[in-house]
Amino acid sequence: MEDVLDVYARPLDPAVPVVCMDEKPYQLLAHARDPIPASPGHDLKEDSEYVRHGTCSIFVWTEPLQGRRHVDARPQRTRIDWAQEVDRLLTSDYPDAAKVILVMDNLNTHTLGSLYEAFPPAKARALAERLEIHHTPKHGSWLNVAEIELSRLTRQCLDRRISDLDLLNHELAAWQHEANTDQRKSTGTSPPPMPGPNSDTYTHRLRPDGLLAYCARSTSARGRKHRLAAPGRLHRQARTDPGRRR
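Rules used in this analysis
Counting starts from 1 at the beginning of each chain's written sequence and moves along it residue by residue. With the structure being a predicted model, the display of local features is reserved for residues of pLDDT at least 70 and the display and counting of side-chain atom pairs for 80 or more, all residues being used for whole-chain, interface and lining totals. Excluding hydrogens and water, the side-chain values take into account all heavy atoms of the structure. Salt bridges are identified by distance alone: a Lys or Arg side-chain nitrogen within 4 Å of an Asp or Glu carboxyl oxygen. What counts as a helix is a DSSP run of H or I of at least four residues, what counts as a strand is a run of E of at least two, and both are numbered from the N terminus. Using a 1.4 Å probe on the protein chains alone, a residue whose accessible area is under 20% of its type maximum counts as buried, one over 50% counts as exposed, and one in between counts as partly exposed. Side-chain atoms within 4.5 Å link the members of a nonpolar core, which is a set of buried Ala, Val, Leu, Ile, Met, Phe, Trp, Tyr and Cys residues. Two residues qualify as a contact provided that any one of their heavy atoms is within 4.5 Å of a heavy atom in the partner residue. The directions considered for the arc run from the helix axis to the C-beta atoms. Within 6.5 Å between ring centres, the rings of Phe, Tyr and Trp (the latter by its six-membered ring) count as paired, and their orientation is classed by plane angle as stacked under 30 degrees, edge-to-face over 60, tilted in between. Charge over a ring is defined by NZ of Lys or CZ of Arg lying within 6 Å of the ring centre and within 35 degrees of the ring normal. His is not counted, nor are the chain ends, whereas Lys and Arg count as positive and Asp and Glu as negative. As used in this structure description, the phrase polar contact means that two N or O atoms lie within 3.5 Å; if the pair is within protein, one of them must be able to donate a hydrogen and the other to accept it, and residues adjacent in sequence are counted only when both atoms belong to side chains.

A. Inspection of the pattern of salt bridges at higher detail. Here the structure, examined in full by the defined rule, presents 14 salt bridges. Here Glu 85 makes a salt bridge to Arg 74, at a shortest N to O gap of 2.8 Å. Placement of the pair is Glu 85 in helix α2 (residues 79-93) and Arg 74 in strand β3 (residues 68-74), with a sequence separation of 11 residues. On the accessibility criterion, Arg 74 (17% relative accessible area) is buried. Each of Arg 74, Asp 81, Glu 85, Arg 88 and Asp 93 takes part in salt bridges that share partners, so that together they form one network.

Okay, structure coming up:
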């Protein structure tokens, strides 16, 4: 874990960019029946039945400090697919970078051996020498910033049925262009600490009717609603309240 955090703490260096990658499976689905379009006062209506058109794998590559990402969908997620994606990363996205620091999980295809399986030894060696790989720990893939991009992508682009791989790549390219234009960045660092009470720049940010009062009111209301009865209290209430259900 500390290894990945140390990587995220490095300053921006265009000659040695930090890139995070992740991938996810995706089902290509078509409508079994045409949806009923939305109209004033009525939402879009879709049948719960669908037609499966196979699966694919979506690769996400993101440089958090620059606010750049590349998204691509492939029919499979084999070693060859991953190696070809790495080749594109190094030759098209970062042709002038001396080395690319790559953060990713421990999937069985995410190894330098995949490069030798896909390319001649000379090319595989050249690509491998330009990579500095840092794997997230087991059960710690949440440290990968690319998972944040996948979450955004799923909410903003993949919340519907897409039946064709070419159409999916077209939609992914549109999302990628909008996201890169917006320059959304992830620094991977925490905000600076608040100044202490003895600091000259310290200001008391909680008004009497602010957060503390809100917490007090919420706690009081929660206590009234969910207060546990004392032993014997419910029994006494049942005897004195004829209308209470036993």
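Moving on from the model shown.
B. Spatial organisation of the nonpolar core. If you look at the biggest cluster of nonpolar residues, it comprises 20 residues, and the most contacted ones within it are Trp 61, Trp 82, Val 100, Leu 102 and Leu 115. With 5 residues, α2 is the single largest residue contributor to this core. The residues contacting Trp 82, other than those within four sequence positions of it, are Met 21, Glu 23, Phe 59, Trp 61, Leu 102, Met 104, Thr 109, His 110, Thr 111, Ser 114 and Leu 115. Counting 17 residues, the second largest nonpolar core, distinct from the first, contains Leu 28, Val 60, Cys 157 and Leu 165.

C. Summary view of helix α4 (residues 121-129). Among all positions in α4, only Ala 124, Leu 127 and Ala 128 are buried. In an axial view of α4, the angular spread of the buried residues amounts to 100 degrees, which keeps them on one side of the axis. Where α4 is buried, its residues meet α2, α3 (113-118) and β5 (131-135).

D. Inspection of the packing of aromatic side chains at higher detail. On inspection of all chains with the given rule, the structure shows 0 aromatic pairs. Taking the ring centre of Phe 119 as reference, the NZ or CZ of Lys 123 above it sits at 4.5 Å.

E. Looking closely at the side chain of Arg 130. Positionally, Arg 130 belongs in the loop between α4 and β5. Put simply, Arg 130 is tucked away with no salt bridge, and the nearest opposite charge, on Asp 96, sits 7.3 Å away. One polar contact links the side chain of Arg 130 to the main-chain carbonyl oxygen of Leu 90, over a distance of 3.2 Å. At 2.6 Å, the side chain of Arg 130 and the backbone oxygen of Tyr 94 are in polar contact. The contact partners of Arg 130, leaving out residues within four places of it in the chain, are Leu 90, Tyr 94, Pro 95, Ala 97, Ala 98, Lys 99 and Val 100.

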